[in-house]
Number of protein chains: 2
Amino acid sequence: MGKHLTTRSEDYSKWYNELVVKADLAENSAVRGCMVIKPYGFAIWERMQAILDKKFKETGHSNAYFPLFVSKSLFEAEEQNAEGFAKECAVVTHYRLENDPDKPGKLRVDPKAKLEEELIVRPTSEAIIWNTYRNWIQSYRDLPILLNQWANVVRWEMRTRLFLRTAEFLWQEGHTAHATEAEALEETKRMNGVYADFVEQYMAIPVIQGVKSASERFAGAVETYCIEALMQDGKALQAGTSHFLGQNFAKAFDVKFATKEGGLEHVWATSWGVSTRLMGALIMTHSDDNGLVLPPELAPHQVVIVPIYKGDEQRTAIEAAVAPIIEALRKADIRVHFDNRDTHKPGFKFNEYELKGVPLRIGIGPRDLENGTVELARRDTLSKKSVAQADLVTEIQSTLKEIQEALFNRAKDFRANHTTEVDTFDVFKEVLETKGGFISAFWDGTEATETAIKEATKATIRCIPLDRKAETGTCIYSGKPAHQRVLFAKAY
Amino acid sequence: MGKHLTTRSEDYSKWYNELVVKADLAENSAVRGCMVIKPYGFAIWERMQAILDKKFKETGHSNAYFPLFVSKSLFEAEEQNAEGFAKECAVVTHYRLENDPDKPGKLRVDPKAKLEEELIVRPTSEAIIWNTYRNWIQSYRDLPILLNQWANVVRWEMRTRLFLRTAEFLWQEGHTAHATEAEALEETKRMNGVYADFVEQYMAIPVIQGVKSASERFAGAVETYCIEALMQDGKALQAGTSHFLGQNFAKAFDVKFATKEGGLEHVWATSWGVSTRLMGALIMTHSDDNGLVLPPELAPHQVVIVPIYKGDEQRTAIEAAVAPIIEALRKADIRVHFDNRDTHKPGFKFNEYELKGVPLRIGIGPRDLENGTVELARRDTLSKKSVAQADLVTEIQSTLKEIQEALFNRAKDFRANHTTEVDTFDVFKEVLETKGGFISAFWDGTEATETAIKEATKATIRCIPLDRKAETGTCIYSGKPAHQRVLFAKAY
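Residues numbered from 1 in each chain as written. Chains lettered and ligands numbered in written order. Predicted model: local features only at pLDDT ≥ 70, side-chain atom pairs only at ≥ 80, totals over all residues.

Participant: Explain the interface of chain A and chain B here, please?
Facilitator: The accessible area lost on association of the parts is a frequent measure of interface size. Contacts between the two partners involve 55 residues from chain A, matched on the other side by 55 residues from chain B. With three bridges joining them, strand E5 (residues 91-94) of chain A and strand E5 (residues 91-94) of chain B adopt antiparallel strand pairing. The partner of Val92(A) across the bridge, within E5(B), is Val92(B). (Contact = placed C-beta atoms within 7 Å. Pairing = 2+ DSSP bridges. Helix = DSSP H or I, 4+ residues; strand = E, 2+ residues; numbered from the N terminus.)

Take a look at the structure:
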């Protein structure tokens with residue numbers, strides 16, 4: 001099993017990379033910057049997809065699918081957006097390979113098959129989608145359009161890390177069209193709220209809802225809402241964004257609608273997305289030096305049963321005792337896995353499921369059979385206790401709930417202990433270097449100050465929290481008047 | 001609504017193209033050969049995905065995700081496969097755009113950002129996956145590997161048609177690795193059977209299971225199993241394939257495993273897939289000159305309720321009567337949609353849902369309120385009847401079942417009437433031109449004969465049916481001895 005994991009205190013970054021691979025979540029592929037999401041990792045992502053998809057549908061959205069490619073001329077139509085993504089684009093220039101005459105059995109790009117216009121592999125789909133919406137929208141009757149797509153996108157990042165930053169990643173992107181500014185803004189906020197609820201309730205990760213400063217805004221957006229989480233190393237992670245796009249894309253793609261009153265106006269837009277990056281947040285928030293720790297709501301297996309036996313007779317007896325336990329758990333909608341492989345010892349399995357973060361482990365051996373008990377072990381606390389088989393379902397139900405809450409509360413306490421209000425730049429720097437975390441500080445609202453702080457400390461404005469207090473003060477950097485505190489942090 | 005649809009007898013191909021667009025299923029995008037799958041079309045695909053995904057999991061498979069790109073050197077490793085797809089590949093050569101100095105506001109490919117090795121957008125993922133499996137498989141204990149992925153793939157087709165043949169399409173591809181030939185073959189057949197069951201039971205399309213002749217085989221496969229369906233214009237459509245890949249990919253990518261007995265052997269492989277092409281089969285099998293006809297199992301809305309009223313008072317009364325109907329139908333797991341838009345008249349809505357193929361339509365007006373009835377209209381037969389509201393749930397349940405069976409039986413009868421045994425090439429040609437459909441004929445088993453028949457008639461061997469009779473005869477073309485009848489047809 002090769003359980004030995006670098007510890008978080010030794011090297012947090014190495015711990016993360018090792019954990020992702022050893023817990024069978026993902027690995028780097030032969031193609032630079034692209035990852036393979038392994039079945040166990042994908043099963044977690046599938047759970048996340050299913051829950052989010054339901055929430056999107058409950059809020060009135062439908063799924064659709066738009067092309068992988070966008071032609072260069074469409075791509076460049078919204079200039080800010082194009083500029084934001086131009087430097088990290090995969091570009092398709094040819095549509096055929098041919099046999100290489102110099103190297104038998106090898107292929108080369110066929111120079112005769114050059115595209116007249118290059119195609120960009122979508123880094124995001126606003127351009128493609130708004131070019132399509134132009135044909136779908138004539139009148140106010142066609143609005144709103146509330147669509148989402150689950151898709152892969154490509155951004156040619158130079159430094160990649162599994163889940164956190166990869167050239168290709170999976171995500172969902174909502175793209176909505178509205179008749180009024182107010183309605184689009186309401187949608188932007190609603191979806192940011194949907195993300196916050198999902199991340200807190202299912203991923204057990206507390207988040208701060210806020211808006212981005214101008215320099216951290218999505219390219220082409222008027223306002224970017226976001227949810228920000230805090231990792232165990234004191235760095236922040238942007239977990240989701242929801243953009244109010246104003247009429248920027250409608251203007252770039254000439255999308256107008258006849259109003260009820262007989263006028264002709266540009267359509268208002270939003271877009272919002274979360275990606276496989278959430279997997280990185282999930283891993284980094286809860287896991288420990290023994291491996292992954294998964295919140296029960298997202299764990300592919302909530303309970304694993306490991307039989308402990310010598311010889312076929314004991315094995316048969318245990319399997320007979322386990323069968324009704326499995327049935328009862330499944331009936332209670334608990335995801336249970338029975339690991340009866342006889343190629344591996346119980347100790348090996350214990351280590352494996354600890355590394356993989358299964359919330360509860362049931363061990364059952366000959367003595368348990370005699371006593372009508374099992375051993376129930378919790379992954380988050382590593383505590384064990386003996387439980388009567390008769391009480392098992394209710395015990396497991398309540399313990400899973402307890403774990404879900406405990407993980408959330410632990411992460412919330414951590415964040416509380418790592419959120420510091422500071423009033424001078426010296427203290428700002430000291431807190432950042434010693435303790436890390438979120439730093440709440442007055443900012444004068446200028447990009448110049450933001451940039452200067454970033455250059456001096458690597459900390460950026462993560463967001464201007466929605467629930468900030470109404471207060472005024474003095475900018476920690478410039479000393480100028482500031483009308484709000486914002487959250488700074490180093491970030492992923 | 002623009003309901004007027006070209007009829008099938010006027011121009012089948014035009015009827016299909018119009019129907020796909022007018023029923024809001026899909027449309028061509030600005031990017032050549034790529035389609036936009038619209039929400040209504042995507043909702044049908046989502047139903048298909050959900051059912052198939054469940055079947056894959058029930059047969060022991062897990063989902064995973066592999067990269068979109070494959071480097072040229074990996075792509076060319078399995079020569080047959082590479083040769084099969086090289087001529088229709090989208091090739092990424094650059095990873096950055098830059099501002100065009102000659103055209104302000106425009107972008108161009110940055111010549112400095114040329115990739116050292118070109119990347120192919122996956123046309124299928126055997127190469128990527130087997131290159132990955134090499135690291136996952138050491139011993140027989142690591143086998144079998146039973147994975148599937150839902151993904152987009154790109155094949156640069158020159159002539160495209162919505163759903164049937166597009167440059168980018170969505171599909172699932174299963175890729176499994178086995179210790180023995182027998183086990184891999186069994187898997188190949190099992191998954192072909194899973195496809196057949198799905199297509200018949202849910203899509204209501206009867207299929208023939210068979211194997212492909214050598215020339216129609218998947219590039220790199222030892223044997224290709226398939227399911228073949230027959231469209232209303234007498235052309236066949238390959239609805240799914242399951243490939244026994246032998247050790248071809250294991251050899252190309254050097255994937256060996258230590259056997260239980262201490263040997264070292266190449267791994268055995270299968271791959272299998274169905275795609276958004278199934279949408280084309282669904283549309284063409286059941287629809288009529290009035291529009292789409294959907295089997296209830298796949299219809300996003302199984303029942304639509306259209307209120308008929310004048311003025312707010314009637315409207316309120318009808319909505320009050322409809323509420324408990326909707327509740328009762330939802331409780332019975334029936335997908336019901338209440339179209340209470342007041343921007344459109346009932347007649348418009350009737351046409352719309354006819355065009356969109358909703359299996360059952362409920363009309364409810366003031367007289368129905370008095371009588372405690374509704375009008376229930378069937379899309380497949382266009383018949384209507386009055387039903388007591390008290391009986392509605394059971395009536396709808398049984399009618400949905402009836403429709404599902406009726407569509408399947410109608411398609412099966414059509415196929416029976418369009419499958420002809422012929423014994424001479426003259427009759428072969430005559431049947432093909434007059435009646436079309438499947439032609440069952442003796443074939444001598446040679447590629448030369450197959451090619452000659454194809455060149456003379458455009459008919460290809462769709463498959464060698466699994467359930468063929470054991471019989472021998474004379475090849476209709478060459479006159480040589482033939483040990484089996486095979487199915488010919490013109491095909492999509």
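Participant: Help me understand the relation of the copies chain A and chain B in this model?
Facilitator: Applying a rotation about an axis and a shift along it to one chain copy brings it onto the other copy. The two copies are related by a screw operation: chain A maps onto chain B through 180 degrees of rotation and 0.0 Å of translation along the axis, at an RMSD of 0.0 Å. Interpreted geometrically, this transformation is the action of a two-fold axis. Within chain A, Val92(A) has its C-alpha nearest the rotation axis, a separation of 2.1 Å. (Least-squares fit on C-alpha atoms with pLDDT ≥ 70 in both.)

Participant: Hey, could you run me through the confidence of the model for chain A in this one?
Facilitator: When pLDDT is low, close inspection of the predicted coordinates is not appropriate. For chain A, the average pLDDT comes to 97, and 99% of its residues sit at 70 or higher. Taken together, the chains of this predicted complex give a pTM of 0.97 and an interface ipTM of 0.97. (pLDDT = per-residue confidence, 0-100.)

Participant: What is the right way to read the environment of Phe56(B) from this model?
Facilitator: Residue and element names in this part refer to chain B. Looking at the element boundaries, Phe56 is found in helix H2 (residues 39-58). Along the primary structure Phe56 and Asn148 are separated by 92 residues, whereas in three dimensions their C-alpha atoms are 8.0 Å apart. In contact with Phe56, not counting residues within four places along its chain, are His61, Asn148 and Gly174.

Participant: Just to check I follow, could you spell out the pairing of strand E19 (residues 360-364) of chain B for this structure?
Facilitator: Along a regular strand, successive side chains alternate from one face of the sheet to the other. All names here are of chain B. Along E19, four of the five residues are buried, which leaves the element largely enclosed by surrounding structure. With five bridges joining them, strand E17 (residues 303-307) and E19 adopt parallel strand pairing. Its bridge partner lying in E19, Val303 is registered against Leu360. Two elements, E19 and strand E20 (residues 373-378), share four bridges in a ladder whose sense is antiparallel. The partner of Leu360 across the bridge, within E20, is Arg378. (Buried ≥ 20, exposed ≤ 12 C-beta atoms within 10 Å, placed from the backbone.)

Participant: When you look at the sheet that holds strand E9 (residues 145-154) of chain A in this model, what are you seeing that I'm missing?
Facilitator: Through backbone hydrogen bonds, the strands of a sheet pair up, either in parallel or in antiparallel fashion. All names here are of chain A. Strand order in the open sheet made by the eleven strands is E3-E9-E10-E16-E13-E12-E11-E24-E27-E23-E22, with mixed pairing throughout. Each edge of the open sheet carries a strand with a single partner, namely strand E3 (62-63) and strand E22 (419-421). Note: E22 against strand E23 (residues 438-442), three bridges, orientation parallel. Across the sheet, the residue bridging to Thr420 is Ile439, located in E23. On the sheet, helix H5 (residues 126-136) packs against E9, strand E10 (168-178) and strand E16 (268-275) and is oriented at approximately 30 degrees with respect to E10. (Axes fitted to C-alpha atoms, helices over the stretch in contact; angles between N-to-C directions.)

Participant: What is the right way to read the pairing of E20(B) from this model?
Facilitator: Residue and element names in this part refer to chain B. Pairing of E20 with strand E21 (residues 384-388) involves five bridges; the strand directions are antiparallel. Looking at the pairing, Leu376 lines up with Lys385 of E21. Taking the residues between adjacent antiparallel strands as the criterion, E20 and E21 are bridged by five residues, where Leu382 takes a positive phi near 60 degrees.

Participant: What am I meant to see in the sheet that holds strand E13 (residues 236-246) of chain B here?
Facilitator: Residue and element names in this part refer to chain B. The sheet built from eleven strands is open, its strands ordered E3-E9-E10-E16-E13-E12-E11-E24-E27-E23-E22 with mixed pairing. The open sheet has two free edges, formed respectively by strand E3 (62-63) and strand E22 (419-421), since each of these has just one partner strand. Sheet topology places E13 next to strand E16 (residues 268-275); five bridges connect them, and they run antiparallel. Across the sheet, residue Ser242 finds its bridge partner in E16, namely Trp272. Most of the contacts of helix H6 (residues 181-201) go to E13, to which it runs at about 165 degrees, and overall it touches strand E10 (168-178), strand E11 (208-211), strand E12 (223-230), E13 and E16.

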